[in-house]
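# Observations on the three-dimensional arrangement
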Amino acid sequence: DGLTPEFFKSFQIGHGTRQGCPISPLLFALAIEPLAEVIRTDPQVAGITIGPQKHTISLYADDVLLFLSNPEVSMVRIIEIIKSFGQFLGYDINYSKSEAMPLTLHTPSTSSSAVPFRWSPSGFVYLGIHITLSLSGLYKANFIPLIRKIKEDLAHWTSLPLSPIGRVNLFKMNILPRLLYVFQMVPVLLTRRSLSILNSSLSSFLWRNKRARLKLQKLQLRVGDGGLSLPNIKYYQLACLGRYLWEWFRNDPRSTWLSIEATPLDPIPLRNILYTSKKWVANRVRANLLLQNTLKVWRIFNKIGSQEDSLSLFTPIHLNPDFPPGLEDSAFFLWSEKGIGTVKSFNQLIEQHNLPSKHLFRYLQIHSFVSSEARLYPGGFSCSSIEEVQTLQKGLHGLIWSDIPRKNQT
């Protein structure tokens, strides 16, 4: 019946929520949202603008992350807002656990009495992840300590009276969740050395520091195939990082992190650089470790799926740096949205898609582009499993042509 005056009447709180109750963080989110909205809209609080968006605050339950520029003014104002909010709602900040990391070499000169945060130029821990000043420091700060700890734990557990299946289950229940969390939060591939250390420690644990009777690859097979279903660490990380490829394909405009990553390449969508020449991409993502690793994962997937020597059916035409007309002529956006390609004759395309006859030159441009690209790929045209999933989930059109007969596919 809508929000009637009866809906807004006060009610008596009889008891709080129990420890671990799932409604607790939801209630807290509702209670803290007014504070977040005041911070977002206050003119004296200057956030960080990346592309078209301004970023000021991120919240996860009671963990608050602020992004501020002009800190001499913004931080003082933030303290004032928090004090006012606390007087109204009884909300207090534990300043002894609050840290501030300057993103430049300059540390604000604001007095410690006005800003009680603890300055931490080297970084801080947020939701269990070490945040460093540079992207290159994420690997050393997060993976190296984790791998060292896992190695120590496996060595300590080696003497436990466990069967081989029990050891595999211990790895699944204790070690794997620790790895998966960092894999999903820090999209950086393990180095060969780190992966070798993990696999070596795992093998020693499984065989009690004795000579291995079976290779890890055999143990990683399913039980029905003669293995023990031992998790493959490399494949688990690829699966975790593949989630970012999924987001690239979805290109959800509501995704904050996606718009941040796409800003340096604007107007080229992140999905398009998967199909762009390595030379063009390398010059533009050299400074971004996250984009570099996501592209590596994409190439590894193509290698595993034997797609390296094939031209993808989803190679874009519109906003493709390898196809200059697609950058300059907005009419190619219409072609892409309709999935119009070059397999059929131009007369057939006119009949099916109601194209004007003046688009003949664009047809010839695309035909020339596809023909020249196809000569570089002896495997012909193909579509990877990831692309097929995207087609089913989103109805993504093949930007070259979705009806091209697929070669080398079963």
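What you see is a predicted model; the values in this text were computed from it and never measured. (Residues numbered from 1 in each chain as written. Predicted model: local features only at pLDDT ≥ 70, side-chain atom pairs only at ≥ 80, totals over all residues. Heavy atoms only, no water.)

## Observations concerning the nonpolar core
Counting residues in hydrophobic clusters, the biggest one holds 39 residues, and the most contacted among them are Trp248, Leu270, Ile273 and Leu274. For this core, the secondary-structure elements that each account for two or more residues are α7 (233-250), α8 (256-262), α9 (278-285), α10 (289-304), α12 (331-338), α13 (346-353) and α14 (360-374). Of the residues forming this core, the biggest block, six residues, is contributed by α7. Those residues in contact with Ile273 that sit more than four places away from it in its chain are Trp248, Leu265, Ile268, Trp280, Val281 and Leu295. Val182, Leu206, Leu230 and Ile233 belong to the second-largest nonpolar core, a separate cluster that totals 31 residues. (Core = buried A, V, L, I, M, F, W, Y, C linked by side-chain atoms within 4.5 Å. Buried < 20%, exposed > 50% of the residue type's maximum accessible area, 1.4 Å probe, protein only. Helix = DSSP H or I, 4+ residues; strand = E, 2+ residues; numbered from the N terminus. Contact = heavy atoms within 4.5 Å.)

## Examining the packing of helix α3 (residues 137-157) against helix α5 (residues 192-206)
Contact geometry of α3 with α5 gives a least axis separation of 9 Å together with a crossing angle of 15°. On the basis of their axis angle, the class for α3 and α5 is roughly parallel. When you trace α3 past α5, the crossing you get is left-handed. Each of Tyr139, Ile144, Ile147, Ile150, Lys151, Leu154 and Trp157 in α3 lies in contact with α5, whose residues at this interface are Ser194, Ile197, Leu198, Ser201, Leu202 and Phe205. Here the residues of the contact of α3 with α5 sort into 10 nonpolar, two polar and one charged. (Axes fitted to C-alpha atoms, helices over the stretch in contact; angles between N-to-C directions. Parallel < 35°, antiparallel > 145°, perpendicular 65-115°, else oblique. Left-handed = near helix turned anticlockwise from the far one by under 90°. Nonpolar A, V, L, I, M, F, W, Y, C, P; charged D, E, K, R; others polar.)

## A word on α13
What α13 keeps buried is the set Phe346, Leu349 and His353. Along the axis of α13, the buried positions cluster into a sector of 55°, meaning they face one direction only. Exposed positions of α13 whose direction lies more than 90 degrees from the buried face are Asn347 and Glu351. Backbone geometry just downstream of α13 places Asn354 in the positive-phi region, at approximately 55°. (Arc of directions from axis to C-beta.)

## A look at α7
Taking 1.5 Å of rise per residue, 18 residues should cover 26 Å, and α7 covers 27 Å from first to last C-alpha, within 8% of that figure. Backbone nitrogen of Lys234 and a side-chain oxygen of the N-cap are separated by 3.1 Å at the start of α7; the cap is Asn232. Directly beyond the C-terminal end of α7, a positive phi value near 55° is found at Asn251. (Expected span 1.5 Å × (residues − 1). Polar contact = N/O pair within 3.5 Å; in protein donor to acceptor, adjacent residues only side chain to side chain.)

## Topic: the packing of aromatic side chains
On inspection of all chains with the given rule, the structure shows nine aromatic pairs. Measuring from centroid to centroid gives 5.0 Å for Tyr139 and Phe143, while their planes differ by 35°, and the two rings are tilted. Of this pair, Tyr139 and Phe143 both sit in helix α3, four residues apart, which is roughly one turn of the helix. Overall, Tyr139 belongs to the buried group, its relative accessible area being 12%. Plain terms: the ring middles of Phe323 and Phe369 are 4.9 Å apart, the flat faces sit at 40° to each other, and that makes the pair tilted. Of this pair, Phe323 sits in the loop between β9 (311-312) and α11 (325-328) while Phe369 sits in helix α14, and the two are 46 residues apart along the sequence. The same class applies to Phe323 as to Phe369, namely buried. Cluster of aromatic residues (ring-pair linked, three or more members): Tyr139, Phe143 and Phe183. (Phe/Tyr/Trp six-rings, centres within 6.5 Å; stacked < 30°, edge-to-face > 60°.)

## Focus on the side chain of Thr276
Here Thr276 lies in the loop between α8 and α9. Within polar-contact distance, the side chain of Thr276 engages the backbone oxygen of Asn272 at 2.8 Å. The contact partners of Thr276, leaving out residues within four places of it in the chain, are Val281, Asn320, Pro321 and Asp322.

## Observations regarding the pattern of salt bridges
Going through the model one piece at a time under the given rule, you end up with 12 salt bridges. When the shortest N-O distance is used, the salt bridge between Arg77 and Glu80 registers 3.1 Å. One end of the pair, Arg77, and the other, Glu80, are both in helix α2 (residues 71-89), three residues apart, so they sit about a helical turn from each other. Linked by salt bridges that have partners in common, Glu247, Arg250, Asp252 and Arg254 make up one network. (Salt bridge = Lys/Arg side-chain N within 4 Å of Asp/Glu carboxyl O.)

## Notes on the confidence of the model for the protein
On average, residues of the protein score 83 in pLDDT, and 89% of them are at 70 or above. Mean pLDDT values over the elements of the protein span from 63, in helix α15 (residues 385-394), up to 96, in α5. (pLDDT = per-residue confidence, 0-100.)

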